[in-house]
Amino acid sequence: MPRPSLLKCLTQVTSPHHTARCMSTYIQASIKSTSSSNLRNASENRRPTSQALPSKARVVICGGGAQGAAIAYKLAQAGWGSDVLLIEQGELGGGTTWHATGLMGILKPSQLETRIAVMSRDMYLQLEEMGWYTGFKQCGSLYVAKKKDRMYQYKKMLSCAVQHDLECKILSPDQVKEYCGLVKTEDLLGGLWVPGDGVANPWEICLALGCEAIDKGVQVIEHCTVNSIKQEDGKVRAVETSKGLVECEYFVNSAGFWSRHVGEMSSPPVAVPIHPCEHYHLHTKPVPDLPPDTPVVRDPDGFVYFRENEGRFLAGGFEPKAKPAYMDDELPEKRAELTEDWDHFHLLLENLLHRVPTMKNAILERLSNGAEAFSPDGQWIL
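Residues numbered from 1 in each chain as written. Predicted model: local features only at pLDDT ≥ 70, side-chain atom pairs only at ≥ 80, totals over all residues. Heavy atoms only, no water.

K.L.:
So what about the packing of helix α4 (residues 111-129) against helix α7 (residues 202-215)? Which residues, and what values?
P.N.:
When two helices pack together, their arrangement is given by the angle between the helix axes and the distance between those axes. Running from N to C, α4 and α7 cross one another at 70°; their axes reach a closest spacing of 11 Å. One way to sum up the angle between α4 and α7 is to call them roughly perpendicular. Remark: the crossing between α4 and α7 carries left-handed chirality. Judged by residue contacts, Met123, Tyr124 and Leu127 of α4 engage Ile205, Ala208, Leu209 and Glu212 from α7. Tallied by class, the residues present in the contact of α4 with α7 amount to six nonpolar, no polar and one charged. (Axes fitted to C-alpha atoms, helices over the stretch in contact; angles between N-to-C directions. Helix = DSSP H or I, 4+ residues; strand = E, 2+ residues; numbered from the N terminus. Parallel < 35°, antiparallel > 145°, perpendicular 65-115°, else oblique. Left-handed = near helix turned anticlockwise from the far one by under 90°. Contact = heavy atoms within 4.5 Å. Nonpolar A, V, L, I, M, F, W, Y, C, P; charged D, E, K, R; others polar.)

K.L.:
A description of the pairing of strand β9 (residues 226-232) should follow, citing residues and the corresponding values.
P.N.:
As defined by bridge partners, β9 adjoins strand β10 (residues 235-241) across six bridges and the pair is classed as antiparallel. Counted as the bridge partner of glutamate 232 is lysine 235 from β10. Where β9 folds back onto β10 in an antiparallel hairpin, the turn is made up of two residues, including aspartate 233, whose phi is positive at roughly 55°. Alignment of β9 against strand β13 (residues 266-267), held across two bridges, turns out to be parallel. Across the sheet, lysine 230 pairs through a bridge with serine 267, a residue of β13. (Pairing = 2+ DSSP bridges.)

K.L.:
Just give me the short version of the packing of aromatic side chains, but keep the residues and values in it.
P.N.:
Taken as a whole and judged by the stated rule, the model has 10 aromatic pairs. Pairing phenylalanine 257 with tryptophan 258 gives two aromatic rings, centres 4.7 Å apart and planes at 75°, and the pair type is edge-to-face. Taking 5.6 Å as the distance between ring centres and 40° as the angle between the ring planes, the aromatic pair formed by tyrosine 280 and phenylalanine 345 counts as tilted. With tyrosine 280 in strand β14 (residues 275-284) and phenylalanine 345 in helix α9 (residues 342-355), this residue pair connects regions lying 65 residues apart in the sequence. Three or more aromatic residues link up through ring pairs in this structure, and these residues are Phe257, Trp258 and Tyr326. Across from the ring centre of tryptophan 132, 3.9 Å away, lies the NZ or CZ of arginine 40, which sits over that ring. A cation over an aromatic ring shows up here: arginine 58 above the ring of tryptophan 80, its NZ or CZ 3.8 Å from the ring centre. (Phe/Tyr/Trp six-rings, centres within 6.5 Å; stacked < 30°, edge-to-face > 60°. Lys NZ or Arg CZ within 6 Å of the ring centre and 35° of its normal.)

Have a look at this one:
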């Protein structure tokens, strides 16, 4: 358990919603909050999925999370809809997506990542224009730095922003305080303000993309697992599933948490260098007077971030020494929350309470722990 001095008034309260498969607090609140708007929740307007597995498809996508659904949607936009098959071992959006915190950062450390993030933002805005609820709220991102190297990185990100016509600016410590009065700035050298960043609802986005893809001809088969990928002369020829064999020209591995396992199913195997690690999110009860336009605050030198979440703090981080998950066990077929390890989370909690002292007075709702897959250097694998 964490040290009492760190918790102070951050007291645990048992949540009636805390089950083996608990959606994030953000997703639960957002579903309830859109009843009076003109936007539709895809979770309440699901399209029927296919029951019979086709014998052929030009493209087979493995994984019905936000990435798999986005790829299916973009292929359908390009006119490939009827040639695309998406296979999901559970239900659409039932993998890593349900555990996501919904941070939507547009400006990334590399130009390629920034370009992809901009494309994603534009796609989400298109969904809202089509009447789908995405939960997008442009509250901005406030990056803070207490090291010279971090400020240098922010200056490089600023130059990248110019190429993509993204608004951002370097801040002094006093300016950081102006953008978010909750942040302790005495030990900071400065920061970076990205006003175009925000938060969104990844679960609703995933389901909306799935609806649009199905409407454009994509076949989606749920509760169907991939058993093997057949190759001949270096090309994919077919995919063996729990519901039969489907011939194809292209196979897309967007299985996220299970991507390494899916790669090993190929003959010959395809190495996907990822492994699941425990990943923590701290949820508080509603905090009085927490502004709804509070920016997403990112403190990479402290390994932490936090955001406003329906009047609550939603915080997390990426500890320097991650704790692997499922080292001795097979990966589960369904995502489930893991037992929280307060000793392991202690470093992140300490840094959160240092950077946001008022968080000490919040009441803890729960600490969620769900396994996420990471590459050795933490970068994307494309």
